[in-house]
Amino acid sequence: MTDVANPLLTPSVLPYALPDYSAIRPEHYLPAFRAAFDEHLAEISAITQVRSMPSFQNTMVPLEQAGAMLERVAHAFYTVSSADATAEIQAIDEELAPLMAAHEDAIRLDAQLYWRVKTLHEQLDDLELDSESRYLVERHFREMTHAGAGFDDAAKSTLTALNQQLSTLTTTFEKNLLADTNDLAVFFETAEELDGLASGELSAAARAAADRGHEGGFLITLPLFTGHPYLSSLTNRESRRRIMAASRMRAARGNDNDNRAVLTEIVALRAERAALLGYSSHAAYVTADETAGSPDAVSDLLHRLAPAAASNAREEQAELQGIIDETEGQPFALEAHDWAFYTEKVRAAKYDIDTAALRPWFEAERVLQDGVFHAATQLYGVTFSERDDLVAYHPGARVFEVFNPGGSPLGLYVLDLYTRDTKRGGAWMNPIVSQSALRGTAPVVVNNLNVAQPGEGQPTLLTLDEVTTLFHEFGHALHGLFATVNYPHFAGTNVFRDFVEFPSQVNEMWILWPEVLDNYARHYETGEPLDAAIVERLRATETFNQGHDTSEYLAAAWLDQAWHRLGTQDAVTDVAAFEAAALAEIGLDNPAVPTRYSSTYFAHVFSGGYSAGYYSYIWSEVLDADTVEWFRENGGLTRENGDRFRARLLGVGGSKDPLGAYRDFRGRDAEIAPLLKRRGLG
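## Describing the overall build of the protein chain
Phase 1 of the analysis: A count of helical and extended segments in the protein chain gives 25 helices and 7 strands.
Phase 2 of the analysis: Over its C-alpha atoms the protein chain spans a radius of gyration of 25 Å, differing by no more than 12% from the 26 Å that the globule rule assigns to 682 residues.
Phase 3 of the analysis: Looking at the protein chain as a whole, 56% of its 682 residues are labelled buried.
Phase 4 of the analysis: Considering only intrachain contacts with a sequence separation of at least 6, the fraction spanning at least 24 residues in the protein chain is 75%.
Phase 5 of the analysis: Total accessible area computed for the protein chain in this model is approximately 27100 Å², and 49% of it derives from carbon and sulfur atoms.
Phase 6 of the analysis: Counting 55 positive and 98 negative side-chain charges, the protein chain places the centres of these two groups 2 Å from one another.

## Here's the deal with the nonpolar core
Phase 1 of the analysis: Counting residues in each nonpolar core, the largest one holds 138 residues, and the members touching the most others are Tyr-413, Trp-510 and Tyr-520.
Phase 2 of the analysis: In contact with Tyr-520, not counting residues within four places along its chain, are Trp-361, Phe-362, Arg-366, Val-367, Asp-370, Gly-371, Val-467, Phe-471 and Ile-511.
Phase 3 of the analysis: Among the nonpolar cores identified, the runner-up in size contains 36 residues, and Tyr-21, Phe-37, Ala-397 and Leu-412 belong to it.

## Side note on the pattern of salt bridges
Phase 1 of the analysis: What the rule picks out here adds up to 43 salt bridges.
Phase 2 of the analysis: Residues joined in a network through salt bridges with shared partners are Arg-139, Arg-142, Glu-143 and Asp-289.

## Description of the packing of aromatic side chains
Phase 1 of the analysis: Tallying each qualifying case throughout the model produces 45 aromatic pairs.
Phase 2 of the analysis: Between Phe-362 and Tyr-520, the ring centres sit 6.2 Å apart and the planes meet at 40 degrees, which makes this aromatic pair tilted. With Phe-362 in the loop between helix H13 (336-351) and helix H14 (364-380) and Tyr-520 in helix H17 (residues 514-520), the pair connects residues that are 158 residues apart, well separated along the chain.
Phase 3 of the analysis: Aromatic side chains Phe-373 and Tyr-413 sit 6.0 Å apart centroid to centroid with 80 degrees between the ring planes, which places their arrangement in the edge-to-face category. You can see Phe-373 sitting in helix H14 and its partner Tyr-413 sitting in strand E5 (residues 409-418), a full 40 residues away along the chain. When sorted by exposure, Phe-373 lands in the same class as Tyr-413, which is buried.

## Section: unusual backbone geometry
Phase 1 of the analysis: You will see that Glu-128, though not glycine, has its phi angle at about 55 degrees, which is positive.
Phase 2 of the analysis: Among the secondary structure elements, Glu-128 is positioned in the loop between helix H5 (111-122) and helix H6 (131-147).
Phase 3 of the analysis: Of note, Asn-545 is a non-glycine position whose phi angle comes to about 65 degrees, a positive value.
Phase 4 of the analysis: Residue position: Asn-545 is located in the loop between helix H18 (532-540) and helix H19 (546-564).

## Quick word on the pairing of E5
Phase 1 of the analysis: The buried fraction of E5 amounts to 8 of the 10 residues, a majority that puts the element mostly inside the structure.
Phase 2 of the analysis: The pairing of strand E4 (residues 397-403) with E5 spans 7 bridges and is classified as antiparallel. Across the sheet, the residue bridging to Arg-398 is Leu-415, located in E5.
Phase 3 of the analysis: If you look at the hairpin formed by E4 and E5, you'll find 5 residues sitting between the two strands, and Gly-406 has a positive phi there, around 95 degrees.
Phase 4 of the analysis: Here 6 bridges tie E5 to strand E7 (residues 444-451), and the two strands are oriented parallel to one another.

## Thoughts on the packing of helix H9 (residues 237-248) against H13
Phase 1 of the analysis: Where H9 meets H13, the axes come as close as 8 Å, and the angle between the chain directions of the two elements is 125 degrees. Between H9 and H13, the interaxial angle falls into the category oblique. For the pair H9 and H13, the sense of crossing is right-handed. In contact with Arg-237, Arg-240, Arg-241, Met-244 and Arg-248 of H9, H13 contributes Ala-336, His-337, Asp-338, Phe-341 and Tyr-342.
Phase 2 of the analysis: Of the residues in the contact of H9 with H13, the class split is 4 nonpolar, 1 polar and 5 charged.

## A closer look at the sheet that holds E7
Phase 1 of the analysis: Pairing is mixed across the open sheet formed by 5 strands, whose spatial order is E3-E4-E5-E7-E6. The open sheet has two edge strands with one neighbour each: strand E3 (383-386) and strand E6 (428-433). Pairs of neighbouring strands in the sheet enclose a mean axial angle of 30 degrees, with direction left out of account.
Phase 2 of the analysis: Bridging between E3 and E4 involves 4 bridges; their strand directions are antiparallel. Within E4, the residue paired with Phe-384 across the bridge is Val-402.
Phase 3 of the analysis: Contacts from helix H15 (residues 464-482) reach E3, E4, E5, E6 and E7 within the one sheet, and its direction differs from that of E7 by about 170 degrees.

## So, helix H10 (residues 260-276)
Phase 1 of the analysis: When the terminal C-alpha atoms of H10 are compared, their 25 Å separation across 17 residues agrees well with the 24 Å that a helix rising 1.5 Å per residue should span.
Phase 2 of the analysis: Among the residues of H10, Val-262, Leu-263, Ile-266, Val-267, Leu-269, Arg-270, Ala-271, Arg-273 and Ala-274 are the ones counted as buried.
Phase 3 of the analysis: Elements that come into contact with the buried residues of H10 comprise helix H7 (153-183), helix H11 (282-287), H19, helix H20 (575-586) and helix H21 (603-606).
Phase 4 of the analysis: At the exit of H10 stands Gly-278, carrying a positive phi of roughly 95 degrees.

## Focus: the environment of Ser-81
Phase 1 of the analysis: Its location among the elements puts Ser-81 in helix H3 (residues 68-83).
Phase 2 of the analysis: The spacing of Ser-81 and Ala-91 is 10 residues in sequence and 10.0 Å in space, taken between C-alpha atoms.
Phase 3 of the analysis: Setting aside anything within four residues of it in sequence, one finds Ser-81 in contact with Ile-89, Asp-93 and Glu-174.
Phase 4 of the analysis: In terms of polar contacts, Ser-81 uses its side chain to reach the backbone carbonyl oxygen of Tyr-78, at 3.3 Å.

## Focus: H20
Phase 1 of the analysis: The end-to-end C-alpha separation of H20 is 17 Å, in line with the 16 Å expected for 12 residues at 1.5 Å each.
Phase 2 of the analysis: For H20, the secondary structure elements touched by its buried residues are H10, helix H12 (295-327) and H19.
Phase 3 of the analysis: One side-chain oxygen at the N-terminal end of H20 lies 3.2 Å from the backbone nitrogen of Ala-576; it belongs to Asp-574.

## Some words on the pairing of E6
Phase 1 of the analysis: Taking burial as the measure, the 6 residues of E6 include 5 buried ones, the bulk of the element.
Phase 2 of the analysis: Summarising the sheet, E6 and E7 pair through 5 bridges and their orientation is antiparallel. Each residue of the ladder has a partner; that of Pro-431, found in E7, is Val-445.

## A few points about the environment of Gln-49
Phase 1 of the analysis: Note on placement: Gln-49 falls in the loop between helix H1 (26-48) and helix H2 (56-65).
Phase 2 of the analysis: Judged by relative accessible area, Gln-49 falls into the exposed class, the value being 58%.
Phase 3 of the analysis: C-alpha of Gln-49 to C-alpha of Gln-112: the two residues are 63 residues apart in sequence and 8.6 Å apart in space.
Phase 4 of the analysis: Reaching out from Gln-49, the side chain makes a polar contact with the side chain of Ser-45 at a distance of 2.7 Å.

## Details of the environment of Pro-503
Phase 1 of the analysis: Inspection of the secondary structure assignment puts Pro-503 in helix H16 (residues 497-507).
Phase 2 of the analysis: Pro-503 gets classed as buried once you look at its relative accessible area, which sits at 4%.
Phase 3 of the analysis: Taking the C-alpha atoms as reference points, Pro-503 and Tyr-342, 161 residues apart in sequence, are found 33 Å from one another.

## Some points on the side chain of Asn-182
Phase 1 of the analysis: Among the structural elements, Asn-182 can be located in helix H7.
Phase 2 of the analysis: Here Asn-182 falls in the buried class, since its relative accessible area comes to 19%.
Phase 3 of the analysis: Excluding its chain neighbours within four sequence positions, the residues that come into contact with Asn-182 are Arg-212 and Asp-421.

The rules behind each value
Residues numbered from 1 in each chain as written. Predicted model: local features only at pLDDT ≥ 70, side-chain atom pairs only at ≥ 80, totals over all residues. Heavy atoms only, no water. Helix = DSSP H or I, 4+ residues; strand = E, 2+ residues; numbered from the N terminus. Rg over C-alpha atoms; globule rule 2.2 N^0.38 Å. Buried < 20%, exposed > 50% of the residue type's maximum accessible area, 1.4 Å probe, protein only. Contact = heavy atoms within 4.5 Å. Areas by Shrake-Rupley, 256 points an atom, 1.4 Å probe, with all protein chains shown as cover. Lys, Arg positive; Asp, Glu negative; His and termini not counted. Charge placed at Lys NZ, Arg CZ, Asp CG, Glu CD. Core = buried A, V, L, I, M, F, W, Y, C linked by side-chain atoms within 4.5 Å. Salt bridge = Lys/Arg side-chain N within 4 Å of Asp/Glu carboxyl O. Phe/Tyr/Trp six-rings, centres within 6.5 Å; stacked < 30°, edge-to-face > 60°. Pairing = 2+ DSSP bridges. Axes fitted to C-alpha atoms, helices over the stretch in contact; angles between N-to-C directions. Parallel < 35°, antiparallel > 145°, perpendicular 65-115°, else oblique. Left-handed = near helix turned anticlockwise from the far one by under 90°. Nonpolar A, V, L, I, M, F, W, Y, C, P; charged D, E, K, R; others polar. Expected span 1.5 Å × (residues − 1). Polar contact = N/O pair within 3.5 Å; in protein donor to acceptor, adjacent residues only side chain to side chain.

If you want it as structure tokens, here you go:
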């Protein structure tokens, strides 16, 4: 008998079907998932038991309608499991992972369903479908074929077992990383050890220490990436060393949270699955259904960029070493934990800019309202209104209603800004409700960041990097809000992985756009605008330190490829040695420029959706840089430009080939020259 008290078992009656998080309890999730699995399987069975020959109406339409309850429950749960993973939620996640993998395989490997989709695909030219419906058949056929739906039962059984093992291991990887990241937060007893931090940063560190039960002192929590925003400001070299050392040893120090055995098993199982599916490697399997097409195409791009990036980084390193030799009483060799600090000295000498000193002009609420929202209003005509009456999954998450030009309702935007011990590292966007005309649903999307929360009454002052992250993630949110499709399969950001970063990267262009920057970059106490001369110097630094930044990114992208180009015979027993060899192979083995993510904390590829796909950022940036040129050539921040970009790119979601959508917007394929210029690689 169904538990009618479980709020997840029926659609939410809240605006936009926002889950009723005030009523949802952890004990509701697993029963709701089980009920949703049963309902979804029954819906698929109803399709496959139809005796008449397959048609679009009796196969594809009910297939897209199926699984609505499961999607509702899954979106509600995975939003919480990534942003507020209490011990209870983590336990549910671990139990759920193999169940979800098994259920997904039961659908995508269903032989009778595959026969119906395959039959329609063979008749595609005779079906007289509109473009979105035609593409729906093509994608379902391609994805089911790619997953192994055409295999015999024995091979499918092996595939299902592999997928379940992988789902459990990737969940373990994320759990280990979160626990070790929390455990390795660096405690300092005195403010003197943190000299160089602003009062708000010290306040945040004191609050973090108090939240962990420390009486006095300061706790520096770790971001997902190797470095730390505070390394550019801390004058105490030992403090910088401690923070960098803690970051780099995450999940690799022989304790219960060590991820080395976990990730090597993930790699081996992915290679085994790829071989079963007929591919030489996991990278070959993944890229076959992306715009890149093959690992060789990815390798060609990364190897084209790496030598120039490494050369630029060495030049930057020599300049930094010169500063050390000239200014330090007892000179020392530059190390990774010194790079950001001395980079700021060079920046100040060359451009007369201290980026840390700019934080009073980047107060978080003003950046959000008068920067991020303002740019969207100017470009797309959308407006935002906070809904204090709607409760999200955590008290720190805020809900905004979004309106189209003219005032018609569009969807909800949820912002969860601050870091906490139960939130995974990094920043991301995910849907809570996906838009679909077929299902009659409107979008609800969330952005998560990990900004340190200052003490009560203190302003949240962002770094320029955090401003960039907020604009970037909001680009994903706009993609999720604007995509207007019939079928849920194409909703929001359901596009190829190496295309999905494109809209978010494009949205970063507005950070320093004059009419946007002038609107939000105001001193939080005086309201004074950021000095125009400083702004010009900021723009002049756009290629500054790009050797380092490009190298650390490319190193991570190549490391991901190296792991996932391994075949079933390529066993790895020493993770550190494998990393070193991979980075040497591409010429990015500079100890002063460590990879942005080392393997044991590379969540993107070992617990996220970017396995063999971390190259996507630079791949998408080719399109992004070319698009920025188009906006500059066509008048910039105008409604006409915004409407074109929304209609031809963001608005189509995944319902069109992405490179075809780009050609429709740009009038041609993207060119790489703008990217090379931006990165200083020309």
